[in-house]
Amino acid sequence: MLNKKLTILLAFQLAISIAGNAQNVNYFGWFPTLDLSGKIANRWSYNVYLFDAVKPYNSTENAQTDKARSFYVYGETGLSYQLTDNLSVTAAYVHERQNPFLDNYRTENRLFQQMTLKLPVGKSELKQRLRFDERFVQNRATGATPFTHRLRYLLGIKKPFADNKMYLMAYSEAFFNSSKSFKFDENWSALQLGFRLNDKNSIEAGLLFVGWINNAANDWLNQYYLQTTWVAQLDFPKK
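Residues numbered from 1 in each chain as written. Predicted model: local features only at pLDDT ≥ 70, side-chain atom pairs only at ≥ 80, totals over all residues. Heavy atoms only, no water.

Only one face of strand β6 (residues 87-98) is covered, namely the one carrying Ser 88, Thr 90, Ala 92, Val 94, Glu 96 and Gln 98; the face carrying Leu 87, Val 89, Ala 91, Tyr 93, His 95 and Arg 97 has none of its residues buried. Pairing geometry for strand β5 (residues 69-82) and β6, over 11 bridges, is antiparallel. Paired with Tyr 74 across the strands is Glu 96, a residue of β6. In this structure, the hairpin formed by β5 and β6 is closed by a connection of 4 residues. The pairing of β6 with strand β7 (residues 106-121) spans 12 bridges and is antiparallel. Opposite Ala 91, over in β7, you have Gln 113 as the bridge partner. (Buried < 20%, exposed > 50% of the residue type's maximum accessible area, 1.4 Å probe, protein only. Helix = DSSP H or I, 4+ residues; strand = E, 2+ residues; numbered from the N terminus. Pairing = 2+ DSSP bridges.)

The strand order around the closed barrel formed by 11 strands is β1-β2-β5-β6-β7-β8-β9-β10-β11-β12-β13, and the pairing between neighbours is mixed. Going from strand to strand, the sheet's axes swing by 20 degrees on average, the running direction of each strand aside. Across 13 bridges, the pairing between strand β1 (residues 25-39) and strand β13 (residues 220-233) is parallel. Residue pairing in the sheet places Leu 34 in a bridge with Trp 230 of β13. (Axes fitted to C-alpha atoms, helices over the stretch in contact; angles between N-to-C directions.)

Counting residues in hydrophobic clusters, the biggest one holds 21 residues, and the most contacted among them are Phe 31, Phe 71, Tyr 72, Trp 188, Leu 208, Val 210 and Tyr 225. Sequence-distant contacts of Trp 188, defined by excluding residues within four places in its chain, comprise Phe 31, Phe 51, Tyr 72, Tyr 171, Ser 172, Glu 173, Phe 175, Leu 208, Phe 209 and Val 210. (Core = buried A, V, L, I, M, F, W, Y, C linked by side-chain atoms within 4.5 Å. Contact = heavy atoms within 4.5 Å.)

For the coordinates displayed, the defined rule picks out 12 salt bridges. For Arg 150, the salt bridge goes to Glu 186, with nearest N and O atoms at 3.3 Å. Taken as a pair, Arg 150 in strand β9 (residues 147-160) and Glu 186 in strand β11 (residues 183-196) lie far apart in primary sequence, 36 residues in all. Each member of the pair, Arg 150 as well as Glu 186, carries the same accessibility label: buried. The salt bridge involving Glu 173 is made with Arg 152; its shortest N-O contact spans 3.0 Å. (Salt bridge = Lys/Arg side-chain N within 4 Å of Asp/Glu carboxyl O.)

What follows covers the environment of Phe 51. Structurally, Phe 51 can be placed in strand β2 (residues 44-55). Relative accessible area serves as the criterion here: at 7%, Phe 51 is assigned to the buried category. As a C-alpha pair, Phe 51 and Thr 229 span 178 residues in sequence and 8.8 Å in three-dimensional space. Once you skip the residues sitting within four places of it in the chain, Phe 51 turns out to touch Phe 31, Pro 32, Thr 33, Tyr 72, Val 73, Tyr 74 and Trp 188.

A separate point is the environment of Leu 130. With respect to the helices, strands and loops of the structure, Leu 130 is situated in strand β8 (residues 124-137). Separated by 25 residues in sequence, Leu 130 and Leu 155 have C-alpha atoms that sit 9.2 Å apart. Aside from chain neighbours lying at most four places away, what touches Leu 130 is Gln 113, Gln 114, Met 115, Leu 151, Arg 152 and Tyr 153.

The next subject is the environment of Thr 107. With respect to the secondary-structure elements, Thr 107 resides in strand β7. As for Thr 107 and Val 137, which are separated by 30 residues in sequence, their C-alpha atoms are 6.1 Å apart. Residues in contact with Thr 107, not counting those within four places in the same chain, are His 95, Glu 96, Arg 97, Phe 136, Val 137 and Gln 138.

Our next topic: the packing of aromatic side chains. Tallied over the entire structure, the rule returns 21 aromatic pairs. On the numbers, 5.6 Å between centres and 65 degrees between planes, the contact of Tyr 46 with Phe 236 is edge-to-face. One end of the pair, Tyr 46, is in strand β2; the other, Phe 236, is in the segment after β13, with 190 residues separating them in the sequence. Arranged with centres 5.1 Å apart and planes meeting at 5 degrees, the rings of Phe 176 and Phe 182 form a pair that is stacked. Feature note: the residues Tyr 27, Phe 31, Tyr 49, Phe 51, Phe 71, Tyr 72, Tyr 74, Phe 175, Trp 188, Trp 212 and Tyr 225 constitute an aromatic cluster, connected by ring pairs. It is Lys 55 that lies over the ring of Tyr 27; its NZ or CZ is 5.3 Å from the centre. For the cation-ring pair, Arg 131 lies above Phe 112, with the distance from its terminal atom to the ring centre recorded as 3.7 Å. (Phe/Tyr/Trp six-rings, centres within 6.5 Å; stacked < 30°, edge-to-face > 60°. Lys NZ or Arg CZ within 6 Å of the ring centre and 35° of its normal.)

Here's what the structure looks like:
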């Protein structure tokens, strides 16, 4: 019963995100993703996470024309240590570029540390993640790369179907800017369906909402994507 309530809650959070910011700038697109991970030792594992956010159409909104483009590309590689069966810690490096193929691109290099707790809830899995980002974002107008930081909290659930070949996944992640004042300024929420191809590979597809404060007036940039993810596991053999 609890896992059903959590799934409904996270789906409701996604709906609130969509409806609550509908008066601001809205993008729609495709979000292809690769999620690769695997074991490298008894308690150690690695992960590689890559995605592109594609806006496939030209649009005019708020009297401004916006071209079809790759909106931002992202690459992450991390190393995790399993403290217990349910709790792990991770350190990772991220490289991200907004508008990567345009003259107004913005480059960010990032480090993060996180703790992830996964707990069984009936036949489902409840996931909580707390992450701290250290960000180095290029300011191309001044040539400076100031240091900022933020705190992120994710709550998600993964519910398998009876045959265990398909599963439903929902999550919501809140971002809090902690550099100057503790302020909520970004949200990612998703509701997706997973298909297990075999023990090492799955395909996930569904709705992803990404929203962040876009300017000093606290207007939001809302992004609605069809996300398709190849989830793969590649373990290194033990010597």
